[in-house]
Amino acid sequence: KAGVTQTPRYLIKTRGQQVTLSCSPISGHRSVSWYQQTPGQGLQFLFEYFSETQRNKGNFPGRFSGRQFSNSRSEMNVSTLELGDSALYLCASSLAQTSGSTDTQYFGPGTRLTVL
Amino acid sequence: TQLLEQSPQFLSIQEGENLTVYCNSSSVFSSLQWYRQEPGEGPVLLVTVVTGGEVKKLKRLTFQFGDARKDSSLHITAAQPGDTGLYLCAGDTPSSRHYGGSQGNLIFGKGTKLSVKP
């Protein structure tokens, strides 16, 4: 099976612009989560999508948004970019079984966003 | 706010040495996961521990979950240069169990950057 893919891998934007990042989960995985990773804060949870619905959200401003399509692919959007948004944005997918067991999250390689 | 504190933040050792990385919290977690992340890549899951007091071994790596499910440790025996990377612990919060499973809302520690020199 192909792993989680993220595009683009690298992106350079300027303050005030907006950006859209894309994530294709592993085939058959229904849950997609997004994380922001910075040296100072580490990995922080942004939001999770399941069956095209956001069912979990972290503590990020409304400039950060996302969506999921019927094929489970997901996008996240950041509007009005700030210097502090420079980070590695990671997407993770999982099967999202309802058995009560802990599902494994499989991470993509990330998109490195630099805001100038 | 639930926090996972990892220590040490940085660790540089020689090949063949042993090391232990710690992950502590004041909160109880449903489960705790350990990941390793290499430069330019996303984290890769090493192990998930679920039961308090649980010990899991993965070749030279030994993972332990505290009895109260608030802390965990990772011990590496006879470290090798291939063990170099960022080790992250992540706790699964009960609040994420909306659909009977544990999803999405992992709380991560800031990581331990390990460098093993030949």
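This is a predicted model, so every value here is computed, not measured.

## A few points about the nonpolar core
Phase 1 of the analysis: Counting 22 residues, the largest nonpolar core has B:Leu19, B:Leu32, B:Trp34, B:Phe63, B:Leu74, B:Ile76 and B:Leu114 as its most contacted members.
Phase 2 of the analysis: Only strand E3 (19–24), strand E4 (31–37), strand E5 (44–49), strand E7 (61–65), strand E8 (71–76), strand E9 (85–92) and strand E11 (112–117) of chain B provide two or more residues apiece to this core.
Phase 3 of the analysis: Beyond its immediate stretch of four places on either side in the chain, B:Leu114 contacts B:Leu11, B:Ile13, B:Leu19, B:Ile76, B:Asp83, B:Thr84, B:Gly85 and B:Tyr87.
Phase 4 of the analysis: Core analysis: the second largest hydrophobic core is formed by 21 residues, A:Val4, A:Cys23, A:Leu81 and A:Ala87 among them.

## Considering unusual backbone geometry
Phase 1 of the analysis: Cis geometry is found at the peptide bond from A:Thr7 to A:Pro8, where omega equals -10°.
Phase 2 of the analysis: In the segment running from B:Ser7 into B:Pro8, the intervening peptide bond is cis, with an omega of -10°.
Phase 3 of the analysis: By the secondary structure assignment, B:Pro8 is in the loop between strand E1 (5–7) and strand E2 (10–14).
Phase 4 of the analysis: Even without a glycine there, the phi angle at B:Arg69 is positive, about 60°.
Phase 5 of the analysis: Summarising the element assignment, B:Arg69 is placed in the loop between E7 and E8.
Phase 6 of the analysis: We classify B:Arg69 as partly exposed; its relative accessible area is 30%.
Phase 7 of the analysis: With phi around 50°, B:Ala78 is a residue other than glycine that occupies positive phi space.
Phase 8 of the analysis: Relative accessible area serves as the criterion here: at 30%, B:Ala78 is assigned to the partly exposed category.

## Quick word on the state of the cysteines
All names here are of chain A.
Phase 1 of the analysis: By the definition in use, this model includes two disulfides over all chains.
Phase 2 of the analysis: The side chain of cysteine 23 participates in a disulfide bridge whose partner is cysteine 91; the two sulfur atoms lie 1.7 Å from each other. Looking along the S-S bond of the cysteine 23-cysteine 91 disulfide, the torsion reads about -45°, which is the left-handed sense. A residue pair is termed long-range when its members are at least 10 positions apart, and cysteine 23 in strand E3 (residues 19–24) and cysteine 91 in strand E9 (residues 87–94) qualify at 68 residues.

## What about the pattern of salt bridges?
Side-chain pairs of opposite charge can arise whenever the charged atoms involved come near each other.
Residues and elements named next belong to chain A.
Phase 1 of the analysis: A full pass over the atoms with the stated rule returns eight salt bridges over all chains.
Phase 2 of the analysis: Note that arginine 55 and glutamate 48 form a salt bridge whose closest N and O atoms lie 2.9 Å from each other.
Phase 3 of the analysis: Residue arginine 55 is classed as buried on the basis of its relative accessible area, which comes to 12%.
Phase 4 of the analysis: Notably, a salt bridge pairs glutamate 75 with arginine 67, separated by 3.2 Å at the nearest N-O pair.
Phase 5 of the analysis: Residue classification places glutamate 75 among the buried positions, given a relative accessible area of 15%.
Phase 6 of the analysis: Judged by relative accessible area, which is 47%, arginine 67 ranks as partly exposed.

Here is what the cut-offs are and how they apply
- Residues numbered from 1 in each chain as written.
- Chains lettered and ligands numbered in written order.
- Predicted model: local features only at pLDDT ≥ 70, side-chain atom pairs only at ≥ 80, totals over all residues.
- Heavy atoms only, no water.
- Core = buried A, V, L, I, M, F, W, Y, C linked by side-chain atoms within 4.5 Å.
- Buried < 20%, exposed > 50% of the residue type's maximum accessible area, 1.4 Å probe, protein only.
- Helix = DSSP H or I, 4+ residues; strand = E, 2+ residues; numbered from the N terminus.
- Contact = heavy atoms within 4.5 Å.
- Disulfide = S-S within 2.5 Å.
- Salt bridge = Lys/Arg side-chain N within 4 Å of Asp/Glu carboxyl O.

Keep in mind these values describe shape, not function.
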